[in-house]
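Listed here are the chains, written in short residue letters.
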Amino acid sequence: MTEYFQYGEKELAYLKQRDKRLSEIIDKVGWVKRRVIPNLFAALVHSIVGQQISTKAHETIWQRIQSSLGEITPQRVISLTDEELQRFGISFKKVTYIKRAATKILNGEFDIHGLYDKTDEEVIRCRECRKSDPEAYDYCEFYYAHECDPNGFCAWAERRQA
């Protein structure tokens, strides 16, 4: 069953009062159904796969992955070779990102479910690592959220620059 982001009139009113142009677009477009993936690791993989490709290509690759793996878990990802993952249509670099995230989750270096305990501001602030390390662009906002300093920079990105 497909799940969608849940919001109501309160959230729409907030957005409309924050931005006049957005208010006009909301009035014109109306209610938007945005699919969500509740499984955080699957959502991360989905996000990485979709970077820098068309929506159509993204959905095609995602369907291949889901059809083959069923539930997308770090264990299932690690059980595949890089070549097997690439056969879905994923680039070598994205395979590296996905497998690195899966490995860190499995060996306890990254508690992906700990993101639930963070405020929106803490997770959003971690996106700043994109500015300090372009290679981290595809996955830093999720992958290194626990390593962000108070200024929003990822410790990993800072270590690489040192």
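Refer to the structure presented above.
Residues numbered from 1 in each chain as written. Predicted model: local features only at pLDDT ≥ 70, side-chain atom pairs only at ≥ 80, totals over all residues. Heavy atoms only, no water.

Visitor: What am I meant to see in empty space enclosed by the protein here?
Guide: In total, this model carries one cavity of 30 Å³ or more according to the counting rule given. Computed from the structure, the largest cavity encloses a volume of approximately 30 Å³. In terms of lining residues, the largest cavity is bounded by Val 45, Ile 65, Leu 69, Val 77, Leu 85, Ile 90 and Ile 98. Residue classes in the lining of the largest cavity are distributed as seven nonpolar, no polar and no charged. (1 Å grid on protein atoms, 1.4 Å probe; cavity = no way out; pocket = protein on both sides within 12 Å on 5 of 7 lines; lining within 4 Å. Points joined across faces, edges and corners; volume = space filled by probe spheres on them. Nonpolar A, V, L, I, M, F, W, Y, C, P; charged D, E, K, R; others polar.)

Visitor: Which parts of the structure should I look at to understand the packing of helix α3 (residues 40–50) against helix α7 (residues 92–106)?
Guide: The angle between the axes and the distance between the axes are what describe a pair of packed helices. It is the contact of α3 with α7, at a shortest axis distance of 9 Å, that shows an interaxial angle of 165 degrees. Classed by the angle they form, the pair α3 and α7 counts as roughly antiparallel. Classified by chirality, the crossing of α7 by α3 is right-handed. Only Lys 94, Tyr 97, Ile 98, Ala 101, Ala 102 and Ile 105 of α7 make contact with α3, whose side of the interface consists of Phe 41, Leu 44, Val 45, Ile 48, Val 49 and Gly 50. Of the residues contributing to the contact of α3 with α7, the split by class is ten nonpolar, one polar and one charged. (Axes fitted to C-alpha atoms, helices over the stretch in contact; angles between N-to-C directions. Helix = DSSP H or I, 4+ residues; strand = E, 2+ residues; numbered from the N terminus. Parallel < 35°, antiparallel > 145°, perpendicular 65-115°, else oblique. Left-handed = near helix turned anticlockwise from the far one by under 90°. Contact = heavy atoms within 4.5 Å.)

Visitor: I would appreciate a short explanation of a nonpolar patch on the surface in the present structure.
Guide: Residues Tyr 14, Leu 15, Leu 22, Ile 25, Val 29 and Val 32 make up a contiguous nonpolar surface patch of roughly 490 Å² in combined accessible area. Taken together, the elements giving at least two residues each to the nonpolar patch come down to α1 (9–18) and α2 (20–29). A total of three residues in the nonpolar patch trace back to one element, the largest contributor, which is α2. Tracing the backbone shows Ile 25 in helix α2. (Patch = residues over 30% accessible without salt bridge, like charges linked within 9 Å, V, L, I, M, F, W, Y side chains within 5 Å. Areas by Shrake-Rupley, 256 points an atom, 1.4 Å probe, with all protein chains shown as cover. Salt bridge = Lys/Arg side-chain N within 4 Å of Asp/Glu carboxyl O.)

Visitor: Honestly, the nonpolar core in this entry has me stumped. Any pointers?
Guide: Soluble, globular proteins show a tendency: their nonpolar side chains are buried together. In this structure, Phe 41, Ile 65, Ile 72, Ile 90, Ile 98 and Ile 112 are the most contacted members of the largest nonpolar core, which totals 26 residues. Elements represented by at least two residues in this core include exactly α3, α4 (55–69) and α7. The greatest single-element share of this core, amounting to seven residues, is contributed by α3. Discounting residues that sit within four places of it in the chain, Ile 72 has contacts with Asn 39, Phe 41, Ala 42, Val 45, Trp 62, Ile 65, Gln 66 and Val 77. (Core = buried A, V, L, I, M, F, W, Y, C linked by side-chain atoms within 4.5 Å. Buried < 20%, exposed > 50% of the residue type's maximum accessible area, 1.4 Å probe, protein only.)

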